[in-house]
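Take a look at the letters that make up each chain.
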Amino acid sequence: MPKQNLNTIYISERLRESLKPVSGCALTTVVAPMGYGKTTAINWYLAERAREEKPCIIRVSVYSDNLAIFWKSVQDAFAREGFGFLREYTCPTDAAGGSLLADDLCYELDLDKGYYVFIDDFHLLREKNVSDFICRLANRLPVNVHLILASRDRFLPDAQILRLGGRVHQIGMEQLRLNSGELSAYVHKCGTKLSAEQLEALLYSSEGWFSAIYLNLRTFLEQASLPDGNSDIYAMFTSAMIDPLPEKHRDFLAIMGLADEFTVEMAQFITGDSEVREILTALTGQNAFVKRLPDGKTYRFHHMMKECARKVFVLLGEKRQSFYLGRYGMWYEEHQQYLHAMNAYQQAADYNGLLRVVQKDAGILLSSLSPDAVLEILGKCPTSILKEHPLSILVLMRSMFNWHRIPKMLELKELLMEAIGEHPELSPMERGNLLGECDLIMSFLCYNDISAMSRLHRSASSQMSRPAISINRRGGWTFGSPSVLMMFHRKPGMLKDELAQMEECMPHYYKITDGHGQGAERIMAAEAAFMQGRFQDAVIELETAYAQIEGNGQENMGLCCDFLAQRLFLCTGMELRYTFEERYRTLLLHHNAAWINIWNAACAYYYALQGCQAKIPEIFSAHQLSSVHILAPGRPMIEMIENQVYLAQGAYAKVLGRSKGQLAVCESMHYELVRIHLLIQTAAAYGMLGKHNEGQTILQQAIQEAAADDLLLPFAENYSYLKPLLESCTVGRNSELLHHIIQLGQDYEMRLQKLNVENTRPAILASLTEREHEIVLLLRQRLSNREIGEKLYLSEGSVKQYVNQIYSKLQIGGDTRTKRKQLLELLESGNNQ
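Just so we're clear, the structure is a prediction, and the values are computed from it rather than from any experiment.

Undergrad: Looking at this model, I keep getting lost on the overall build of the protein chain. Mind explaining?
TA: A tally of helices and strands in the protein chain yields 43 helices and 8 strands. Over its C-alpha atoms, taken along the principal directions, the protein chain stretches across nearly 105 × 85 × 45 Å. When contacts within the protein chain are restricted to residue pairs at least 6 apart in sequence, long-range pairs at least 24 apart make up 71% of them. For the protein chain, the exposed area adds up to about 36800 Å²; of that, 51% sits on carbon and sulfur atoms. Here the protein chain holds 85 positive side-chain charges and 97 negative ones, and the gap between their average locations is 4 Å.

Undergrad: Explanation requested: the packing of aromatic side chains in the structure shown.
TA: The description of an aromatic ring pair uses the distance of the two centres, along with the angle that the planes make with each other. Counted by the stated rule, this structure contains 25 aromatic pairs. When the ring of F580 is compared with that of Y606, the centres are 4.9 Å apart and the planes differ by 45°; the resulting orientation is tilted. Of this pair, F580 sits in helix α30 (residues 580-588) while Y606 sits in helix α31 (residues 593-610), and the two are 26 residues apart along the sequence. Across the pair, Y606 and F580 agree in class, each one buried. Each residue in the set Y447, W477, F479, F488 and Y671 is aromatic and connected to the rest through ring pairs, giving one cluster. Note that R577 overlies the ring of Y546, its terminal NZ or CZ placed 3.9 Å from the centroid. The side chain of R751 reaches across the aromatic face of F569, ending 5.0 Å from its centre.

Undergrad: Explanation requested: the environment of Q704 in the structure shown.
TA: Within the element layout of this structure, Q704 appears in helix α36 (residues 692-707). The class of Q704 is exposed, set by a relative accessible area of 52%. Q704 sits 427 residues away from R277 along the chain, and the two C-alpha atoms are 79 Å apart.

Undergrad: Can you help me understand the nonpolar core in this one?
TA: Side chains of a nonpolar character, in soluble globular proteins, are inclined to be buried together. Among the nonpolar cores identified, the biggest contains 251 residues, and F252, M256, F262, M397, W477, F488 and F620 are the most heavily contacted of them. If one sorts the elements of this core by residue count, α31 sits on top with 14 residues.

Undergrad: Hey, could you run me through the side chain of D273 in this one?
TA: Tracing the chain through its elements places D273 in the loop between α13 (264-271) and α14 (276-286). Using a relative accessible area of 16% as the deciding quantity, one classes D273 as buried. One polar contact links the side chain of D273 to the main-chain amide nitrogen of E275, over a distance of 2.8 Å. If we skip the residues at most four places from it in the chain, D273 touches K248, Q268 and I279.

Undergrad: It is not clear to me how the sheet that holds strand β3 (residues 115-120) should be interpreted in this structure. Could you clarify?
TA: Backbone hydrogen bonds hold the strands of a sheet together, and the pairing may be parallel or antiparallel. Spatially, the 5 strands line up as an open sheet ordered β2-β3-β4-β1-β5, and their pairing is parallel. A single partner strand is all that each edge strand has here, and the edge strands are β2 (56-61) and β5 (168-171). Averaged over all adjacent pairs, the angle separating strand axes in this sheet is 15°, with direction ignored. Note that β2 and β3 share 6 bridges and pair parallel. When the sheet's bridge partners are listed, I58 is paired in β3 with V117.

Undergrad: Could you clarify how one ought to interpret helix α23 (residues 428-443) in this entry?
TA: Here α23 contains 16 residues, and its C-alpha end-to-end distance of 22 Å stays within 8% of the 22 Å for a straight helix at 1.5 Å per residue. For α23, the set of buried residues is G432, N433, L434, G436, E437, C438, D439, L440, I441, M442 and S443. The inward-facing, buried residues of α23 abut α21 (390-402), α22 (406-421), α24 (450-463) and α26 (495-513).

Undergrad: Which parts of the structure should I look at to understand empty space enclosed by the protein?
TA: If a probe the size of a water molecule is rolled over the atoms, the empty space left behind becomes visible. The full count for this structure, using the stated rule, is 3 cavities of 30 Å³ or more. Of the voids in this model, the largest cavity is the one considered here, and its volume is about 90 Å³. Lining the largest cavity are M342, L354, L355, V358, L366, L369, V374, I377, L378 and L396. Elements supplying a minimum of two residues to the lining of the largest cavity: α18 (351-361) and α19 (371-380). For the lining of the largest cavity, the class distribution of residues is 10 nonpolar, no polar and no charged. Estimates place the volume of the second largest cavity at around 70 Å³.

Undergrad: How should the pattern of salt bridges be read in this particular structure?
TA: All told, the structure shown has 38 salt bridges when counted by the stated rule. Measuring nitrogen to oxygen at the nearest pair gives 2.6 Å for the salt bridge that ties R177 to E174. Overall, E174 belongs to the partly exposed group, its relative accessible area being 46%. Here D372 makes a salt bridge to R405, at a shortest N to O gap of 3.2 Å. Separated by 33 residues along the polypeptide, D372 in helix α19 and R405 in the loop between α21 and α22 bring together distant segments of the chain. Members of the salt-bridge network, linked through shared partners, are R49, E52 and E53.

Undergrad: What exactly am I supposed to notice about the sheet that holds strand β7 (residues 290-292) here?
TA: Overall, antiparallel pairing links the 3 strands, which are arranged β6-β8-β7 in an open sheet. Each end of this open sheet is capped by a strand with a single partner; those strands are β6 (262-263) and β7. The pairing of β7 with strand β8 (residues 298-301) spans 3 bridges and is antiparallel. Bridge pairing links R292 to Y299 in β8. Contacting β6, β7 and β8, helix α12 (residues 247-256) runs over the sheet at an angle of about 90° to β8.

Undergrad: Help me understand unusual backbone geometry in this model?
TA: Across residues other than glycine, the phi torsion is negative in most instances, and most of the peptide bonds are trans. For D710, which is not a glycine, the phi torsion comes out positive at approximately 55°. Looking at the element boundaries, D710 is found in the loop between α36 and α37 (713-717). Its identity as a non-glycine residue notwithstanding, Q811 has a phi of 55°, on the positive side. Summarising the element assignment, Q811 is placed in the loop between α42 (796-809) and α43 (816-832).

Undergrad: How should I be thinking about the state of the cysteines in this particular structure?
TA: A covalent bond bridging the sulfur atoms of two cysteines is what the word disulfide describes. Applying the stated criterion across every chain yields a total of 0 disulfides. Residue C438 stays outside any disulfide, its sulfur separated by 12 Å from that of C446, the closest cysteine. Taking the relative accessible area as the measure of exposure, C438 reaches 2% and is therefore buried. The thiol of C571 is unpaired, and the distance to the nearest cysteine sulfur, on C612, comes to 15 Å. Judged by relative accessible area, C571 falls into the buried class, the value being 17%.

Undergrad: Would you mind showing me how to read the packing of helix α16 (residues 318-334) against helix α17 (residues 338-347) here?
TA: Packed helix pairs are characterised by how far apart their axes lie and by the angle those axes make with each other. Contact geometry for α16 and α17: axes closest at 8 Å, N-to-C directions at 160°. With respect to their mutual orientation, α16 and α17 come out roughly antiparallel. The way α16 lies across α17 gives a crossing that is left-handed. The residues of α17 that touch α16, namely those facing L325, G326, Y328, G329, M330, Y332 and E333, are Y338, H340, A341, A344, Y345 and Q347. Residues that form the contact of α16 with α17 fall into these classes: 8 nonpolar, 4 polar and 1 charged.

Conventions and cut-offs
Residues numbered from 1 in each chain as written. Predicted model: local features only at pLDDT ≥ 70, side-chain atom pairs only at ≥ 80, totals over all residues. Heavy atoms only, no water. Helix = DSSP H or I, 4+ residues; strand = E, 2+ residues; numbered from the N terminus. Contact = heavy atoms within 4.5 Å. Areas by Shrake-Rupley, 256 points an atom, 1.4 Å probe, with all protein chains shown as cover. Lys, Arg positive; Asp, Glu negative; His and termini not counted. Charge placed at Lys NZ, Arg CZ, Asp CG, Glu CD. Phe/Tyr/Trp six-rings, centres within 6.5 Å; stacked < 30°, edge-to-face > 60°. Buried < 20%, exposed > 50% of the residue type's maximum accessible area, 1.4 Å probe, protein only. Lys NZ or Arg CZ within 6 Å of the ring centre and 35° of its normal. Core = buried A, V, L, I, M, F, W, Y, C linked by side-chain atoms within 4.5 Å. Polar contact = N/O pair within 3.5 Å; in protein donor to acceptor, adjacent residues only side chain to side chain. Pairing = 2+ DSSP bridges. Axes fitted to C-alpha atoms, helices over the stretch in contact; angles between N-to-C directions. Expected span 1.5 Å × (residues − 1). 1 Å grid on protein atoms, 1.4 Å probe; cavity = no way out; pocket = protein on both sides within 12 Å on 5 of 7 lines; lining within 4 Å. Points joined across faces, edges and corners; volume = space filled by probe spheres on them. Nonpolar A, V, L, I, M, F, W, Y, C, P; charged D, E, K, R; others polar. Salt bridge = Lys/Arg side-chain N within 4 Å of Asp/Glu carboxyl O. Disulfide = S-S within 2.5 Å. Parallel < 35°, antiparallel > 145°, perpendicular 65-115°, else oblique. Left-handed = near helix turned anticlockwise from the far one by under 90°.

Laid out in structure tokens, this is it:
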């Protein structure tokens, strides 16, 4: 009989066989209730793989349904293995963010090495988007990367399982539970001797559930008998694992059971006990529910241990509970884990600590909480304490604006005014900074009204001596719109005044926000010149804008410049600063899904105008915008671009079906330029469906509104659709504008025809993706895989994979040495057809 050791690891032969396919699948799901040994089984498997192939193993534990906290765990896990690039990412919240992350993962991970990413307790994440992202990622991962997810609940829908096919492997409760023979083998390995009757009774009562078996054996060792089959599992756990411990150890479990993970240093700070290391050594040696993680520094409790430990914590008394919760808050605050700190201070009813963290966080992580949860916390916070934290009130005001809780925002403003009035000891500088930033935040309520915003910005600028704490200068400025002019052209005939107001307004805004949105007035002027057909002026203003924002981190403004540059290229052939691929790769380095969304919108519009449907980003071509997080002020612009895609696809009825609602939104938001675009698109759709009378009526309305500011280009960009309507259009006093539109439209159409001839792809390459076609063109130049990788920012291994896919699609076989020769011959024959 082996020496008694209940902490021994036992993996049955049946389970070992079930684990073998993991290395051949992109995604493995391990689904079973708590205590079935999911984590133990995967850790055993990963240890086996580590001995055989030296892979990179990345472990992520989920502790709550908060995505921001989960994302921090993912960043930390990847960073521990040398992949710090995820630190630069915000948590993906939509399909575009997920796609960006998938692209970057594929780019960063070495194809010559195996990767296993194990996410434990996945069931705690309730967001459906997370499961959708995992499925998308599994479909795109290279063959050397394997995701393993352990969950108590089934999370993959049948449709996704079907779609993933052989890329997904499922392990369930049946593979994890012990049968009669396996139970006997496990009991023997633990050094415990049970009779056949006892084994049968244990199997019956536990149903092969590992945790129940473990606790039964623990009780058997202490009491020489198995517990009553009707015992509650938590009561059994507490009785076997907590009650027999010394008081000091019990207190330690109760206090540290509140932490998701902890180090010795953290435990010493929280408990104030200098003997923490000795306690942990004793606990990890005594049971399998306190684990030291593979990094050798971090500890965690099994969920069953945490659940029971928290029940013991409640017995410590209110005063001791508040003390330790406060210590948690202080630790998390010091280590900038602000969500954890807010939660700890809230539970401790320490609202001074909570508001201090709100100020430090500046609304960044606070935005991941639900507005109702924040309002509930504010409802419990005494007003007197809230008034002691005016900077926190400013952060909360901005957050309420972002959440569209305007009444609460205004209520907080009044509270701020009271707080300032009740503190005459504030210095003039402190008072000015508070009142000035309040004006800045209130200016958001005047969005799109430049003169009204300017009044508040000037007021803020005259009072503030520091940048605003509620604005992140590297954050977005256009709410996801690729155009500044579309945001701020408010009324027909007012464009000249709007440009002047923008020139006057923005320097004040830059001063109090440390240059946030810098270059906006130059971009707006460039766009206005472009709209009026003054191309040289547009190029000069555009280059001035590029120079103004270069190197200052205002990527949002750079993308607005790119959007205009692309449209200028279609009109004039103006040289672009970089290829589309180069620009996309540069954006990837920022790891910001919002920038990718703007870039996709710009590219969708560009390729829709060109008629290149195959190159339109999938999020637009497949009309998946519902899966993308779009801020309300930027949505009308993005939906207008989607309309342009519908026109390019010939889906004219779709345009007509959407236009009424879109026009109403533009009217309510005072988006005059977007409205003109929508009118033109609606007229074009009517015309293409042969409904010329309806089309002419709407086109004349668009011309009348555009004439007030000489806006020509939206018509020229749609000339191919509008030509029949324009030729028979009667516009009276706007005849000169109509003449310019037709002339510009004809030039534009000729320019597009020339571009399309240059970009025509041979029919034999029709089955290739855009990336594969790009690689074929470089292969044609007789570049090596390494040289192609350098040009396209791909690893040599990725290029090799693409090349093999190309050979497969073009049905090129034979010896490796002759494949490229066959490809070149095929291209030559295609050109001669």
